Amino acid sequence: MFRRPRGPDVFSIFKCKDQGESSLATDLLQNIPPEIELSDYRRVPSPDSESPSGLLHGESLNAEPIADLDLFFERLYSYYCEKGIWCIIIKWIGELLSLGFTICFSGFFLLYVDWNGLRNAKCGMDAVESGIKPCDLAKEALHEHPLTPMTLTKAIIVGYLGIFSMYWIFCFLRFFAQLKDTLEIREFYYNSLHVTDNEIQTMSWATIIEKVVRVQSSKHLCVVKNLSAHDMVMRLMRKENYLIGMLNKGVLAFPISQWVPGAGPIVAYSPNGTHYRLTLTKTLEWTLNWCILQSMFDRNFCVKRDFVSNPNALQKRLMVVGFAMLLLSPFLIIFMLVYLFLRHAEQLYNHPSTASSRRWSNLSRWIFREFNEVEHLFKHRIYSGVLHASEYIKQFPSPIISIIAKFLSFVSGGFAAILIIIAFLEESLLEGHIFGRNLFWYAAVFGTITAISRAAITTELLVLDPEGTMSMVVQYTHYMPKRWRGKENTEMVRIEFETLFQYTGMMLLEEMASIFLTPYLLLFVVPKRVDDILQFISDFTVNVEGVGHVCSFSTFDFQEHGNSRYGSPHNAPRNRRSSQGKMEKSLLSFQSSYPSWDPNVLGKQFLRNVRSFREQRLSGYRSGHAFSCPQWRGRPNVGGDGEGNRFISWEVPISILATANQKNHPYLIDWYYTSQPCDAALKDVT
């Protein structure tokens, strides 16, 4: 566990490049009024300072430099992801209408509808059989005076409607405020990058970044220097990289039980045997983002001195937000229930099996995400592994559940078949009643039971191969803890994996439960970890010229954080390295995503080390030696021997190349990268 140093020299732990008077200590101790964004920051370079290309040849600075480059790159990326101005406008209008409909829908059904009158109303055949006039639902099932009498429940509902109505007005006004900024980004795309909305639909993000890098020759985004693709992405993911690093180093692990909603894998043990588990529900993520990540930087993109040196202030902020969430929780739970009902009711009605489908949890998304990996590239990678993750879960069939599910499916399917036959013979027969319910109701019930039970039946053609299936999963997650290696077929690995790959229905319940759980964590659990959080920020923050303070892992500094077991040219102390070689994996992914980016000397040496490792393994194949990998077991391919063993070729990912005994890089075995990004990242470097 981290221990935050005490004393006045707390800021000596920040790493900063030598910049004369513009050192980090000077920036933190002096309050410089913002004028122009610089890495120094907000000062125009003096004649003796480093200047970007062009200024030395008599060119003048932009008349209006960009005041907030972080916000500029966020809007640039958001515009790209949302695919143009009209898509953005329509999306905003749709969100406003959806929010307004949710508020009106919930207000009508919670206040105006008389549920007792609706349950007792006689309509259709019931009215005919009773000899009364057909019912008028507007009279029998609606309250004429919904607020009379005023009860505590109605007061909570009215409060909920008032709060979210004000939020809707805020979103409506924000629409017009953001529209001006979005039009400016559109103008930058059209006039500076010469990219139209139609071209954005199919253009890669790497191409956009390359265009932004080139446009700096005529339009200086940063006065201190021309930014590289790496600099831009570090700005774009400044806050996200800190969150990724905190989870990677176990800072956001809390002493909670495995039964707590959202609890993840165990990452640490205390001397008294307490288990520390990672947890990050969506609600907790929002609150930590607001309390920590949004509050730790000043307008110069430097970590505030008071933020790091005053843990009591952060503890107080967390507790205040926790208490506020506790007061708002009744209103939030109403909105969540109505929203989830509107979003998923139709899907669950027509496709009941979706409740038993699985998807990646919010915690797993931040555990798997790599440094400087933008969101859409991460989603593409992680969603590609959902099918293989489902196959891994199927490697642990439950015979008892499967037997029961077969029986239920057989019985409910039989009743459903009878009802279908009745419908073919005479449709009006379905209006008949059995035990007070018509046959339409029974058809819906039996159909739902059949769909859910069949989803729980294990296929008889399934080939059990946990090791091979896990290897396919890790190709996309890039996550293989040391405690999992060689134990893929154990219950321990399955349980931990299921905390990251959960049932859709269970995730929805956990998110609703987290509305009440998050206030508890913010009031009683997270404040005890404030020292560790601030210690991480202190230890893993560096100053990058033209960028500002960033998480040091995102700089790909192998001398400071390298792990030679993952191919790094330097081997840093254990407490300075990223867990499971995440930094090394992140650079390999970044190079494959931005092939025009040129890494530094140590980065090139790292790529040479990995390429040499690959060629070393391939030399064994050229010599006529072949070895098998469980990933290919039972899947003969061209170049295989027909027994499920595939010979090594240039198309095989690094994971297969690492199946032989290796001395220098024993943990490269969990680099399950596919051949295409691997080849792109391992291009020739000089």
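Residues numbered from 1 in each chain as written. Predicted model: local features only at pLDDT ≥ 70, side-chain atom pairs only at ≥ 80, totals over all residues. Heavy atoms only, no water.

Peer 1: Explain the overall build of the protein here, please?
Peer 2: The number of helices and strands found in the protein is 28 helices and 10 strands. Counting every position in the protein, which comprises 686 residues, the buried fraction comes to 47%. Counting contacts in the protein only where the partners sit at least 6 residues apart, residues at least 24 apart contribute 71% of the total. For the protein, the exposed area adds up to about 35,000 Å²; of that, 59% sits on carbon and sulfur atoms. (Helix = DSSP H or I, 4+ residues; strand = E, 2+ residues; numbered from the N terminus. Buried < 20%, exposed > 50% of the residue type's maximum accessible area, 1.4 Å probe, protein only. Contact = heavy atoms within 4.5 Å. Areas by Shrake-Rupley, 256 points an atom, 1.4 Å probe, with all protein chains shown as cover.)

Peer 1: Hey, could you run me through the packing of aromatic side chains in this one?
Peer 2: Aromatic ring pairs are reported here in terms of the distance separating the ring centres and the angle at which the planes meet. The full count for this structure, using the stated rule, is 40 aromatic pairs. Arranged with centres 5.5 Å apart and planes meeting at 50 degrees, the rings of Tyr80 and Trp205 form a pair that is tilted. Of this pair, Tyr80 sits in helix H2 (residues 69-82) while Trp205 sits in helix H9 (residues 205-215); the two residues are 125 residues apart in sequence, bridging distant segments of the chain. With 5.2 Å between their ring centres and 85 degrees between their planes, Trp360 and Phe368 make a pair best called edge-to-face. Taking the ring centre of Tyr80 as reference, the NZ or CZ of Lys83 above it sits at 4.0 Å. (Phe/Tyr/Trp six-rings, centres within 6.5 Å; stacked < 30°, edge-to-face > 60°. Lys NZ or Arg CZ within 6 Å of the ring centre and 35° of its normal.)

Peer 1: Sorry if this is basic, but what is going on with the UniProt feature "transmembrane region" (unreviewed entry) in the protein here?
Peer 2: Within this structure's numbering, the places UniProt gives as "transmembrane region" (unreviewed entry) are residues 92-112, 155-177, 318-342, 400-426, 438-457 and 500-526. This span, residues 318-342, is 100% helix and 0% strand, and a straight line between its end C-alpha atoms measures 32 Å. Spanning residues 438-457, this segment combines 85% helix with 5% strand, and its end C-alpha atoms are found 30 Å apart. (UniProt positions renumbered as here; feature names shortened; annotations may be inferred.)

Peer 1: I'm lost on helix H11 (residues 238-248) in this one. Help?
Peer 2: An α-helix turns once per 3.6 residues; consequently, residues spaced three or four apart project the same way. The buried fraction of H11 is high, at 10 of 11 residues. Every buried residue belonging to H11 is among Arg238, Lys239, Asn241, Tyr242, Leu243, Ile244, Gly245, Met246, Leu247 and Asn248, and all of these are buried. Phi for Gly250, located one or two positions after H11, is positive at around 75 degrees.

Peer 1: What am I meant to see in unusual backbone geometry here?
Peer 2: Excluding glycine, residues mostly have negative phi values, and the peptide bonds linking residues are mostly trans. In this model, Thr148 is joined to Pro149 through a cis peptide bond whose omega is -5 degrees. Along the chain, the position of Pro149 falls in the loop between helix H6 (137-140) and helix H7 (152-192). Even without a glycine there, the phi angle at Asn372 is positive, about 65 degrees. Along the chain, Asn372 falls in the loop between helix H15 (362-368) and helix H16 (375-383). Among the residues examined, Asn372 registers a relative accessible area of 2% and is labelled buried. Backbone geometry at Gln580 places phi at a positive 60 degrees, although glycine is not the residue there. Checked against the element boundaries, Gln580 lands in the loop between helix H24 (558-561) and helix H25 (582-593).

Peer 1: Sorry if this is basic, but what is going on with the nonpolar core here?
Peer 2: In summary, soluble globular proteins display a tendency toward joint burial of nonpolar side chains. Within the largest apolar cluster, 129 residues are counted, with the highest numbers of intra-cluster contacts made by Phe73, Tyr189, Trp205, Ile292, Phe497 and Ile537. Broken down by element, the residue count for this core peaks at 10 residues, all from helix H14 (residues 311-350). Setting aside residues up to four positions removed in sequence, Phe73 forms contacts with Val212, Leu221, Leu227, Met232, Arg235 and Leu236. Formed by six residues, the second largest nonpolar core is a distinct cluster that contains Leu419, Leu430, Leu439 and Tyr442. (Core = buried A, V, L, I, M, F, W, Y, C linked by side-chain atoms within 4.5 Å.)

Peer 1: What should I look at first to understand the packing of H2 against H7 in this one?
Peer 2: Relative orientation and spacing of two packed helices are given, respectively, by the angle between their axes and the distance between those axes. For the pair H2 and H7, the least separation of the axes is 10 Å and the interaxial angle reads 80 degrees. Considering the angle they form, H2 stands roughly perpendicular to H7. Counted together, Phe72, Arg75, Leu76, Tyr79 and Tyr80 of H2 and Asp181, Thr182, Ile185, Arg186, Phe188 and Tyr189 of H7 form the full contact between these two elements. Here the residues of the contact of H2 with H7 sort into seven nonpolar, one polar and three charged. (Axes fitted to C-alpha atoms, helices over the stretch in contact; angles between N-to-C directions. Parallel < 35°, antiparallel > 145°, perpendicular 65-115°, else oblique. Nonpolar A, V, L, I, M, F, W, Y, C, P; charged D, E, K, R; others polar.)

Peer 1: Explain the pattern of salt bridges to me, please; I cannot follow it from the model alone.
Peer 2: For side chains of opposite charge, pairing can occur when their charged atoms come near one another. With the rule as written, the count across this model stands at 18 salt bridges. Arg238 serves as the salt-bridge partner of Asp70, at 2.6 Å between the closest nitrogen and oxygen. Of this pair, Asp70 sits in helix H2 while Arg238 sits in helix H11; the two residues are 168 residues apart in sequence, bridging distant segments of the chain. Judged on exposure class, the residue Asp70 and its partner Arg238 are both buried. (Salt bridge = Lys/Arg side-chain N within 4 Å of Asp/Glu carboxyl O.)

Peer 1: Just to check I follow, could you spell out the environment of Pro527 for this structure?
Peer 2: Tracing the sequence through the fold places Pro527 in the loop between helix H22 (504-525) and helix H23 (530-539). With 210 residues separating them in the primary sequence, Pro527 and Arg317 have C-alpha atoms 9.3 Å apart.

Peer 1: Looking at this model, I keep getting lost on the pairing of strand E4 (residues 275-279). Mind explaining?
Peer 2: Working note: regular strand, side chains alternate between the two faces of the sheet. For E4, the buried fraction is high: four of the five residues fall into the buried class. Note: strand E2 (residues 253-254) against E4, two bridges, orientation antiparallel. Residue pairing in the sheet places Phe254 in a bridge with Arg277 of E4. Direction of pairing for strand E3 (residues 263-269) relative to E4: antiparallel, over a ladder of four bridges. Bridging from a neighbouring strand, Ile266 pairs with Arg277 of E4. In this structure, the hairpin formed by E3 and E4 is closed by a connection of five residues, where Gly273 is found at a positive phi of approximately 90 degrees. (Pairing = 2+ DSSP bridges.)

Peer 1: In this structure, what is going on with the pairing of strand E10 (residues 548-551)? I would like to understand it.
Peer 2: As paired strands, strand E9 (residues 541-544) and E10 are joined by four bridges and run antiparallel to one another. Paired with Val542 across the strands is Val550, a residue of E10. Counted along the chain from E9 to the antiparallel partner E10, the turn is three residues long, and its residue Gly546 has a positive phi close to 80 degrees.

Peer 1: For this particular structure, what's the right way to read the environment of Arg529?
Peer 2: Along the polypeptide, Arg529 turns up in the loop between H22 and H23. Relative accessible area serves as the criterion here: at 5%, Arg529 is assigned to the buried category. Separated by 2.8 Å, the side chain of Arg529 and the backbone oxygen of Val251 make a polar contact. (Polar contact = N/O pair within 3.5 Å; in protein donor to acceptor, adjacent residues only side chain to side chain.)

Peer 1: Please clarify how the sheet that holds E4 should be interpreted in this entry.
Peer 2: In a beta sheet, neighbouring strands are held together by backbone hydrogen bonds and run either parallel or antiparallel to one another. The strand order across the open sheet formed by three strands is E2-E4-E3, and the pairing between neighbours is antiparallel. Of all strands in the sheet, those with a lone pairing partner are E2 and E3, marking the two edges.

Peer 1: Is there a simple way to explain the environment of Trp290 in this structure?
Peer 2: Mapped onto the fold, Trp290 is located in helix H12 (residues 282-293). Residues Trp290 and Leu318 lie 28 residues apart in sequence; the distance between their C-alpha atoms is 9.6 Å. Each residue touching Trp290, except ones within four places of it in the same chain, is listed here: Ser295, Arg317 and Val321.

Peer 1: Got a minute to help me understand a nonpolar patch on the surface in this structure?
Peer 2: On the surface, a nonpolar cluster with roughly 890 Å² of combined accessible area is contributed by Ile400, Ile404, Phe407, Leu408, Phe410, Val411, Phe415, Ile418 and Ile449. In terms of residue count, helix H18 (residues 399-425) provides more of the nonpolar patch than any other element does, eight residues in total. In this structure, Phe415 sits in helix H18. (Patch = residues over 30% accessible without salt bridge, like charges linked within 9 Å, V, L, I, M, F, W, Y side chains within 5 Å.)

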